[in-house]
Amino acid sequence: MRHAVVTGGAGFIGSHLCEALLGRGWAVTALDNLLTGSLENIEPLFGREGFRFVRHDVTDYIHIPGEVAAVFHFASPASPIDYLNLPIQTLKVGALGTHKALGLALAKKAVFILASTSECYGDPLVNPQTEDYWGNVNPVGPRGVYDEAKRFAEAMTMAYHRYHAVEVRIIRIFNTYGPRMRMEDGRVVPNLIVQALRGEPLTVYGDGSQTRSFCYVDDLVRGIILAAERGGTGPMNLGNPAEMTILQFAHAIKKLIPGALKIDFRDLPVDDPKVRRPDIAMAKRLLDWEPRVPLEEGLEKTIPYFRAKLGAAAEK
Ligand code: UDP
């Protein structure tokens, strides 16, 4: 069995990645300090052959016995509210955590896959964003802790690639959604679904004209594994190019969760990107990958997860 280490393995994307790797016959060691990840996300994986979980903060030295063929570095707070509340941990896991995870990949001669982000483009001045765009980031703004940590992580990854010849893949992940996002993580998908299920007004920040492009988690994970297997140092965008305004997204939620829901317009967060849409030509060319799950279908798979969570919370 090939052995993969997934940092942030109990997180939203990390747990789906662990599951998909196990399904493809990999042995998986998931590392997580459970700061924003949760054991509930990986509960179904305990008992699966080849799965192991280690509670560990990857900003500390990582010791893994035996062979490792791939290191997926997915540990980080990733929602704007999380990284505003955890600014130092966010910087540390992007910097020190990336260093430790790269050290592991070097020692094991493993391929290293970095979960980078569309936030590297900041509040972009070009749309869609191609990988050769250097971005428009405010280093001292509230989002700077995440954006700069990930930019540093990319630079560190390239340094290990150039200096130590570590085989690397840098993936820039755009907005992704699906089951196992935290109800309270503050992002627009869980916020609006949970509000709609509770019959509360939908909070739209600003006038809702800012755009995002939402990728269903299964599509993303398929792309990540293809990137690991087929290569391309990158950076490479992975996301769904179907762009919409946040107001349009709120209306999509209203359509799927009926009720006379009002929209509650709130202040736009500082440095909130006005547009975001991936150019995925590189992923199409190198991986023959593109998303398959349209928004409505992905939301129909996601809403029952939150409905069950709300039910469980009400029973407590
Ligand atoms: N947003 C919103 N209402 C919410 C949460 C977020 O209108 O309850 C907006 C937010 O201002 C941003 C977009 O939705 O423009 C996506 O926000 P999210 O936090 O999901 O992630 P981001 O793409 O900003 O990293």
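Just so you know, these numbers come straight off a predicted model, no measurement behind them.

**Some thoughts on the packing of helix α8 (residues 246-256) against helix α10 (residues 295-315)**
To characterise two packed helices, one gives the angle between the axes of the helices and the distance between these axes.
Right, on to step 1. In the contact formed by α8 and α10, the axes pass within 11 Å of each other and the chain directions differ by 60°. Considering the angle they form, α8 stands oblique to α10. Considering only the axes of α8 and α10, their crossing is right-handed. Where α8 approaches α10, its residues Phe249, Ala252, Ile253, Lys255 and Leu256 are matched on the opposing element by Leu295, Glu296, Leu299, Glu300 and Ile303.
Right, on to step 2. Looking at the contact of α8 with α10, its residues break down into seven nonpolar, no polar and three charged.

**Side note on the sheet that holds strand β6 (residues 168-173)**
Right, on to step 1. On the basis of which strands lie adjacent, the open sheet formed by seven strands has the order β3-β2-β1-β4-β5-β6-β11 and parallel pairing. Two strands in the sheet have a free side with no partner beyond their single neighbour: β3 (51-55) and β11 (236-238). Direction aside, neighbouring strands of the sheet carry axes that sit 20° apart on average.
Right, on to step 2. Judged from the four bridges that link them, strand β4 (residues 70-73) and strand β5 (residues 111-117) form a sheet pairing that is parallel. Looking across to β5, one finds that valine 71 is bridged to phenylalanine 112.
Right, on to step 3. Running over the sheet, helix α4 (residues 87-108) touches β1 (3-7), β4 and β5 and is turned about 175° from β4.
Right, on to step 4. Across the face of the sheet, helix α5 (residues 144-164) comes into contact with β5 and β6 while running at roughly 155° to β5.

**As for the pattern of salt bridges**
Right, on to step 1. Across all of its chains, the model carries 18 salt bridges by this definition.
Right, on to step 2. With a closest N to O distance of 2.7 Å, arginine 172 and glutamate 154 form a salt bridge. Here glutamate 154 lies in helix α5 and arginine 172 lies in strand β6, a separation of 18 residues in the sequence. The exposure classification of arginine 172 matches that of glutamate 154, with both residues buried.
Right, on to step 3. A salt bridge links arginine 182 to glutamate 184, with the nearest nitrogen and oxygen atoms 3.4 Å apart.

**Structural notes on the site of the ligand**
Right, on to step 1. Taken together, 18 residues lie around the ligand, and Thr203, Tyr205, Arg212, Asp272 and Arg276 are the ones closest in.
Right, on to step 2. A distance of 2.9 Å separates an oxygen atom of the ligand from a polar side-chain atom of asparagine 175.
Right, on to step 3. Take asparagine 191: an N or O atom from its side chain is 2.8 Å from an oxygen atom of the ligand.
Right, on to step 4. Contact with the protein chains removes 96% of the 510 Å² of surface that the ligand exposes when unbound.

**Concerning the packing of aromatic side chains**
Right, on to step 1. Scanning all chains against the criterion turns up nine aromatic pairs.
Right, on to step 2. Look at phenylalanine 46 and phenylalanine 51: their rings are 5.6 Å apart centre to centre, the planes differ by 75°, and that puts the pair in the edge-to-face class.
Right, on to step 3. By relative accessible area, phenylalanine 51 is classed as buried at 11%.
Right, on to step 4. Considering the side-chain rings of phenylalanine 72 and phenylalanine 74, the 6.4 Å spacing of their centres and the 50° angle between planes classify their relative orientation as tilted.
Right, on to step 5. Ring pairs connect the aromatic residues Phe46, Phe51 and Phe53, which therefore count as one cluster.

**As for helix α6 (residues 188-198)**
Right, on to step 1. The element α6 is largely enclosed, with a buried count of eight among its 11 residues.
Right, on to step 2. Of all the positions in α6, only Val189, Pro190, Asn191, Leu192, Ile193, Val194, Gln195 and Ala196 are classed as buried.
Right, on to step 3. In this structure, the buried residues of α6 make contact with β7 (176-177), β8 (202-205), α8 and α10.
Right, on to step 4. Directly beyond the C-terminal end of α6, a positive phi value near 75° is found at glycine 199.

**Quick notes on the pairing of β6**
Right, on to step 1. Among the six residues in β6, six count as buried, and that is most of the element.
Right, on to step 2. With burial as the criterion, each face of β6 is covered, one bearing Val168, Ile170 and Arg172 and the other bearing Arg169, Ile171 and Ile173.
Right, on to step 3. Here six bridges tie β5 to β6, and the two strands are oriented parallel to one another. Its bridge partner being in β6, serine 116 is matched across the sheet by arginine 172.

**Section: the pairing of β1**
Right, on to step 1. In terms of burial, β1 is largely enclosed, as five of its five residues are buried.
Right, on to step 2. With five bridges joining them, β1 and strand β2 (residues 27-32) adopt parallel strand pairing. Bridged to histidine 3 within β2 is alanine 27.
Right, on to step 3. Where β1 meets β4, four bridges bridge the pair, whose relative direction is parallel. Its bridge partner lying in β4, threonine 7 is registered against histidine 73.

**With respect to the side chain of aspartate 147**
Right, on to step 1. With respect to the helices and strands, the residue aspartate 147 is situated in helix α5.
Right, on to step 2. In this structure, aspartate 147 is buried with no salt-bridge partner, the nearest side chain bearing the opposite charge being arginine 143 at 5.0 Å.
Right, on to step 3. Ignoring sequence-local partners within four residues, the contact set of aspartate 147 consists of Glu119, Gly122 and Val137.

Scoring rules and cut-offs
Residue numbers restart at each chain and count upward from 1, following the sequence in its written direction. Local features are withheld for residues below a pLDDT of 70 in this predicted model, meaning they are given only at 70 or higher, and side-chain atom pairs are given and counted only at 80 or more; totals for whole chains, interfaces and linings count all residues. Hydrogens and waters are ignored; side-chain quantities use all the structure's heavy atoms. Axes here mean lines fitted to C-alpha atoms, for a helix over just the part in contact, with angles spanning 0 to 180 degrees between N-to-C directions. Helix and strand labels come from DSSP, where a helix needs a run of H or I of at least four residues and a strand needs a run of E of at least two; each type is numbered from the N terminus. Should an angle fall under 35 degrees it is called roughly parallel, over 145 degrees roughly antiparallel, and 65 to 115 degrees roughly perpendicular, with every other angle called oblique. With the far helix as reference, a near helix turned anticlockwise by less than a right angle produces a left-handed crossing, and one turned clockwise produces a right-handed crossing. We call two residues contacting when some pair of their heavy atoms lies within 4.5 Å. Amino acid classes used here: Ala, Val, Leu, Ile, Met, Phe, Trp, Tyr, Cys and Pro are nonpolar; Asp, Glu, Lys and Arg are charged; the rest, including Gly, are polar. Paired strands, as defined in this entry, are two strands with at least two bridges between them according to DSSP. Throughout this description, the term salt bridge denotes a Lys or Arg side-chain nitrogen within 4 Å of a carboxyl oxygen of Asp or Glu. Partly exposed residues are those whose accessible area sits between 20% and 50% of the maximum for their type, while under 20% is buried and over 50% is exposed, using a 1.4 Å probe and protein chains only. The rule for a residue being near a molecule or strand is that one of its heavy atoms must lie within 4 Å of it. Nitrogen and oxygen atoms within 3.5 Å of one another constitute a polar contact, given that in protein one can donate a hydrogen and the other can accept it, and given that sequence-neighbouring residues count only through two side-chain atoms. Each accessible area is a Shrake-Rupley result for a 1.4 Å probe, and residues are judged covered by the shown protein chains and nothing else. Think of it this way: a Phe, Tyr or Trp ring, Trp meaning its six-membered ring, pairs with another when their centres are within 6.5 Å, and the plane angle makes it stacked under 30 degrees, edge-to-face over 60, tilted otherwise. Charge assignment in this entry is limited to Lys and Arg as positive and Asp and Glu as negative, and neither His nor the chain termini are counted.

Limitation: the analysis is restricted to geometry and does not speak to function.
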